[in-house]
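Here is what each chain is made of, one letter per residue.
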Amino acid sequence: MNDAIKKITINTILEAAPDSTFNEDDLPDTARFYEIGIDSISMLSILLKLEKRLSVDLVSLGEDIEAPVTVGDLFQLVEKLLQYATTNNQVNNE
């Protein structure tokens, strides 16, 4: 994952967890979302914001998406979405 996409993803996570003790530089891939203060509603908000910010569509994968449990899981999901969008020319290059 390139640094810009990772930064967008981390900042989106941290926006949803304003009381978290983590910051952009020390959020580990192994951090579980409940440890950061992210519940299921917050996760939905994160996913919707990432869809908009990265110009991807979760539904376009056409498969069941397992809810990410860790930050690393979310990175993997974002990579999968970006690869799918790029392969299918669905990335919005503004």
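Structure's up top.
Note that the coordinates shown come from a computational prediction; the quantities given were computed from them, not determined experimentally.

Basis of the calculations
Residues numbered from 1 in each chain as written. Predicted model: local features only at pLDDT ≥ 70, side-chain atom pairs only at ≥ 80, totals over all residues. Heavy atoms only, no water. Helix = DSSP H or I, 4+ residues; strand = E, 2+ residues; numbered from the N terminus. Rg over C-alpha atoms; globule rule 2.2 N^0.38 Å. Contact = heavy atoms within 4.5 Å. Areas by Shrake-Rupley, 256 points an atom, 1.4 Å probe, with all protein chains shown as cover. Lys, Arg positive; Asp, Glu negative; His and termini not counted. Charge placed at Lys NZ, Arg CZ, Asp CG, Glu CD. Axes fitted to C-alpha atoms, helices over the stretch in contact; angles between N-to-C directions. Parallel < 35°, antiparallel > 145°, perpendicular 65-115°, else oblique. Left-handed = near helix turned anticlockwise from the far one by under 90°. Nonpolar A, V, L, I, M, F, W, Y, C, P; charged D, E, K, R; others polar. Polar contact = N/O pair within 3.5 Å; in protein donor to acceptor, adjacent residues only side chain to side chain. Expected span 1.5 Å × (residues − 1). Core = buried A, V, L, I, M, F, W, Y, C linked by side-chain atoms within 4.5 Å. Buried < 20%, exposed > 50% of the residue type's maximum accessible area, 1.4 Å probe, protein only.

Structural notes on the overall build of the protein
Phase 1: Scanning the protein for helices and strands turns up four helices and zero strands.
Phase 2: Over its C-alpha atoms the protein spans a radius of gyration of 13 Å, differing by no more than 12% from the 12 Å that the globule rule assigns to 94 residues.
Phase 3: Projected onto the principal axes, the alpha-carbon positions of the protein cover approximately 40 × 25 × 20 Å.
Phase 4: For the protein, contacts bridging at least 24 residues in sequence account for 60% of all contacts bridging at least 6.
Phase 5: Surface exposure of the protein reaches about 6,000 Å², of which carbon and sulfur atoms provide 48%.
Phase 6: A distance of 3 Å separates the average location of the 7 positive side-chain charges in the protein from that of its 17 negative side-chain charges.

Concerning the packing of helix α1 (residues 3–16) against helix α4 (residues 71–87)
Phase 1: The interhelical angle for the contact between α1 and α4, taken along N-to-C directions, is 130 degrees, at an axis separation of 11 Å. As summarised for this structure, α1 and α4 are arranged oblique, according to the angle between their axes. Pair α1 / α4 crosses with right-handed handedness. Contact residues: α1 offers I5, K6, T9, I10 and I13, while α4 offers V71, L74, F75, V78 and L82.
Phase 2: Across the contact of α1 with α4, the residue classes tally to eight nonpolar, one polar and one charged.

A short note on the side chain of T12
Phase 1: Here T12 is to be found in helix α1.
Phase 2: One polar contact links the side chain of T12 to the main-chain carbonyl oxygen of I8, over a distance of 2.7 Å.
Phase 3: Among all residues touching T12, those that are not within four sequence positions of it are I46, K49, L50 and R53.

Some points on α1
Phase 1: Here α1 spans 20 Å end to end across 14 residues, near enough to the 20 Å set by a 1.5 Å rise per residue.
Phase 2: Between a side-chain oxygen at the N-terminus of α1 and the backbone nitrogen of A4 the separation is 2.9 Å; the capping residue is N2.

Describing the nonpolar core
Phase 1: Among the nonpolar cores identified, the biggest contains 25 residues, and I36 and L74 are the most heavily contacted of them.
Phase 2: Taken together, the elements giving at least two residues each to this core come down to α1, α2 (33–36), α3 (40–54) and α4.
Phase 3: It is α4 that contributes the most residues to this core, seven residues altogether.
Phase 4: Discounting chain neighbours no more than four positions away, the residues touching L74 are T9, I13, F33, I46, L47, L50 and P68.

Comments concerning the side chain of E51
Phase 1: Structurally, E51 can be placed in helix α3.
Phase 2: In contact with E51, other than residues within four places in its own chain, are V56, D57, L58 and V59.

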